[in-house]
Every structure is written in C-alpha cells, then in structure tokens.
Amino acid sequence: MAAFSSEAEVYEFLGGVFRRGMDDADLVAKLEPTGIVLRITYTDPEAVITVDMPGKEVHQGAGLGPVPNVELFMTADTGNRFWLGKVVLPVALAKGQVRAKGPVAKLLKVLPLAKQMFGPYREHLESAGRTDLLDA
C-alpha cells in the first residue's frame, strides 16, 4: 500500500518541502541562477509538482507552471524516501526507480543543496504525526 493516501497529501508533504525551500533566501540565491525548471510527476497517488527555480515558484497540478527543462518520474513513496535521505538519486536513476528527461547532469550538480531540506522535511512529518512516513 502507498504511504500517501491522496494527491493532497503528496502536495502537503512533498510539495511542502519545495515551498519551504523557496522560503530559504540562501538556498534560493544558489538555485535561481541554475535556470532549472524541474517537474516531478509522482504516481501512487498521482501528483505533479513543478519547481521554477529562476522564478522562485512552486506549482502543484498537471499542466501548471512553466515548461520544465528537467523532468523526474517516480512513485510518491520514492519521493518521500528521497527527502528522508534514504534514496541516492543517481543510484535510483541507474536502477530505474526514478526516470528522467532533460539535462539531468544540471540537476545533479545542485543535488547536494537538497540535503539541507532533509531536516525540515522530517520535522514536518513529525509535527503532522506521520510516523508511518518516517518509517517508510
């Protein structure tokens, strides 16, 4: 059974980590010049999040936001495990757990910046009482 019960939960938690990231001025200052517009399409349940790093915006829903230049496709469970620090993206790509489209090398260069959001993601799950997602 999938860890998230609805699209709304995916947006609350996985979308929430990106919204919190956009509130971090230091992080935004590092991401904005990359020009990356990242769209992540999740399954189980289905949800789409587009992160416009130059525009400093997060869009939730299919067809919303600017056209992406990098796309990732994964289950919402894999997304949750990534933000818990349990999924190494290059390994997940090699194993086919995550599929990608576009200049992934560009995204991999900024991947170390994601680690600073692991703690806030975990804290959000804890404050929401979602120990089931922490143990995924």
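See the structure printed just above.
All values reported here derive from a predicted model rather than from experimental measurement.

A. Up close: the sheet that holds strand E2 (residues 47-52). Strand order in this open sheet of 5 strands is E3-E2-E1-E4-E5, and the pairing throughout is mixed. Two strands lie at the open edges of the sheet, namely strand E3 (57-60) and strand E5 (99-101), each paired on one side alone. In this sheet, neighbouring strand axes are inclined to one another by 15 degrees on average, regardless of whether the strands run parallel or antiparallel. As judged from the 4 bridges shared by E2 and E3, these two strands associate in the antiparallel manner. Its bridge partner being in E3, Thr 50 is matched across the sheet by His 59. Strands strand E1 (37-43), E2 and E3 of the sheet are contacted by helix H1 (residues 7-22), whose axis makes an angle of about 10 degrees with E2.

B. Local environment of the packing of aromatic side chains. All chains considered together, the criterion is met by 5 aromatic pairs. Summarising the aromatic geometry, the rings of Phe 82 and Trp 83 are spaced 4.8 Å apart at their centres and angled 80 degrees between planes, so their arrangement reads as edge-to-face. A relative accessible area of 12% means that Phe 82 is categorised as buried. Measuring from centroid to centroid gives 5.7 Å for Phe 82 and Phe 118, while their planes differ by 90 degrees, and the two rings are edge-to-face. Of this pair, Phe 82 sits in helix H3 (residues 76-83) while Phe 118 sits in helix H6 (residues 118-127), and the two are 36 residues apart along the sequence. A connected cluster of aromatic rings, assembled from ring pairs, spans Phe 18, Phe 82, Trp 83 and Phe 118. Over the ring of Phe 73 we find Arg 99, and its NZ or CZ is 4.7 Å from the ring centre.

C. The nonpolar core, seen in detail. By size, the foremost hydrophobic cluster in this structure holds 41 residues, and its most contacted members are Leu 14, Leu 38, Tyr 42, Trp 83 and Tyr 121. Tallying contributions element by element places H1 first for this core, with 7 residues. Non-local contacts of Tyr 121, meaning those with residues more than four positions away in its chain, are made with Phe 4, Phe 13, Leu 14, Val 17, Asn 80, Trp 83 and Leu 84.

D. Inspection of H6 at higher detail. For H6, the full list of buried residues reads Tyr 121, His 124 and Leu 125. Down the axis of H6, the sector holding all buried residues measures 95 degrees, keeping them to one side. Facing away from the buried side of H6 by over 90 degrees, the exposed positions are Glu 123 and Ser 127. Residues of H6 that are buried in the fold lie against H1, H3 and helix H7 (131-134). Remark: Gly 129 follows H6 within two positions and exhibits a positive phi of approximately 70 degrees.

Thresholds applied
- Residues numbered from 1 in each chain as written.
- Predicted model: local features only at pLDDT ≥ 70, side-chain atom pairs only at ≥ 80, totals over all residues.
- Heavy atoms only, no water.
- Pairing = 2+ DSSP bridges.
- Helix = DSSP H or I, 4+ residues; strand = E, 2+ residues; numbered from the N terminus.
- Axes fitted to C-alpha atoms, helices over the stretch in contact; angles between N-to-C directions.
- Contact = heavy atoms within 4.5 Å.
- Phe/Tyr/Trp six-rings, centres within 6.5 Å; stacked < 30°, edge-to-face > 60°.
- Buried < 20%, exposed > 50% of the residue type's maximum accessible area, 1.4 Å probe, protein only.
- Lys NZ or Arg CZ within 6 Å of the ring centre and 35° of its normal.
- Core = buried A, V, L, I, M, F, W, Y, C linked by side-chain atoms within 4.5 Å.
- Arc of directions from axis to C-beta.

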